[in-house]
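# Structure assessment
What follows is the residue order along each chain.
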Amino acid sequence: MVYRALALDIIALVALVPTAQCQPGTEMCEDSPRLVGPFGAMDKPRNPIPLAGDIRSQLSQVEAIRALKQTRLDPLGEQVIMYDTKEGLAPEPRVAVVVSGSLKEAFDVAKLDEYGDGAVYATSCEFDLSPTRRALAIVYTFSGDGTGSLFLILSWSGAGKYSIIFHRSVMQGRIVLGSRALELWEPKFGKYSRRPDSDKFECIWCPHRYLITEFEWQNGEYMKKNSKRTREAYNPAEITGTPIQIRQGMP
């Protein structure tokens with residue numbers, strides 16, 4: 001999803017935003033600092049990385065390998081590869097799973113989200129989906145002004161099948177993960193967000209209160225439970241700079 005900042009949402013200084021601090025009892029996965037300028041967060045794709053030729057040849061239309069993760073979603077392990085099939089603002093990314101050197105599954109991000117063809121890989125992190133199951137959370141931002149966040153969760157079932165068990169896009173978001181639990185953070189704009197003439201005007205990259213939607217892993221899927229708003233306003237560049245957190249003891 002390509003979100004465009006308001007024309008008056010101008011940030012005078014271009015700054016590399018520091019990563020947000022964890023809440024008590026959380027761990028951070030690999031962060032993804034945001035470079036915010038006058039036109040939003042202009043994220044650049046991660047530098048391409050090498051991949052063995054015998055594996056690369058099995059992937060369709062490879063332009064650049066953005067990340068390769070050695071994971072243990074299946075107890076015997078696998079490789080999860082995030083790659084782009086094109087250059088430019090529409091990289092048309094894909095996620096591939098390779099087991100014992102052979103391609104097992106491939107997921108077209110554009111088929112998971114309406115604007116997935118413009119998704120830019122940000123980061124990923126393996127976690128405990130439940131006491132007996134592992135999963136990989138994958139985060140993309142959207143090309144354009146970079147305000148869109150896309151979250152995917154990849155897992156393996158006992159039947160030997162890999163699948164995307166959760167996908168959701170929001171503005172300037174974060175997910176907090178625990179065993180059988182997920183929190184989806186997205187900003188909620190106040191009534192002055194469309195009043196640039198007001199001294200209470202909320203620009204796109206100004207601090208916002210966040211809506212936190214809680215999900216619980218039940219019967220093979222994430223089920224929505226509750227939603228709540230934060231009392232505190234958070235810097236969206238910091239939130240999206242650490243888009244995945246693992247919370248110990250959650251729920």
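Rules behind the numbers
Residues numbered from 1 in each chain as written. Predicted model: local features only at pLDDT ≥ 70, side-chain atom pairs only at ≥ 80, totals over all residues. Heavy atoms only, no water. Helix = DSSP H or I, 4+ residues; strand = E, 2+ residues; numbered from the N terminus. Buried < 20%, exposed > 50% of the residue type's maximum accessible area, 1.4 Å probe, protein only. Contact = heavy atoms within 4.5 Å. Areas by Shrake-Rupley, 256 points an atom, 1.4 Å probe, with all protein chains shown as cover. Core = buried A, V, L, I, M, F, W, Y, C linked by side-chain atoms within 4.5 Å. Pairing = 2+ DSSP bridges. Axes fitted to C-alpha atoms, helices over the stretch in contact; angles between N-to-C directions.

What follows is about the overall build of the protein. In terms of regular secondary structure, the protein is built from two helices and 17 strands. Per-residue burial over the protein gives 49% buried out of 251 residues. Relative to all contacts within the protein whose residues are 6 or more apart in sequence, the contacts with residues 24 or more apart total 52%. Working note: accessible area of the protein is about 12400 Å², and carbon and sulfur atoms make up 50% of it.

With that out of the way, let us pick up the nonpolar core. Grouped together as the largest cluster of nonpolar side chains are 22 residues, with contacts concentrated most on Phe127, Ile153, Ile175, Leu177, Leu182, Tyr222 and Ile244. Mapped by element, the contributors of at least two residues to this core are strand 9 (119–130), strand 10 (133–142), strand 11 (148–156), strand 12 (162–171), strand 13 (174–178), strand 14 (181–188), strand 15 (208–218) and strand 17 (244–247). A per-element tally of this core places strand 9 first, with four residues. Core analysis: the next-biggest nonpolar cluster, separate from the first, contains 21 residues, Val95, Val109, Ala119 and Leu152 among them.

With antiparallel pairing, the four strands of this open sheet are ordered in space as 5-6-7-8. Only two strands of the sheet have a single neighbouring strand rather than two, namely strand 5 (64–71) and strand 8 (102–108). Neighbour-to-neighbour, the strand axes of this sheet turn through a mean angle of 20 degrees, independent of strand direction. Note: strand 6 (residues 78–84) against strand 7 (residues 93–99), six bridges, orientation antiparallel. Among the inter-strand pairings, valine 80 is bridged to a residue of strand 7, identified as valine 97.

Here we come to the sheet that holds strand 12. The strands making up a sheet associate through backbone hydrogen bonding, with each pair oriented either parallel or antiparallel. Here we have four strands laid out as an open sheet, ordered 9-10-11-12, and antiparallel in their pairing. Unpaired on one side and paired on the other, strand 9 and strand 12 mark the two borders of the sheet. Each adjacent strand pair in this sheet contributes to an overall mean axis angle of 20 degrees, direction not counted. Pairing between strand 9 and strand 10: ten bridges, direction antiparallel. Among the inter-strand pairings, aspartate 128 is bridged to a residue of strand 10, identified as arginine 134.

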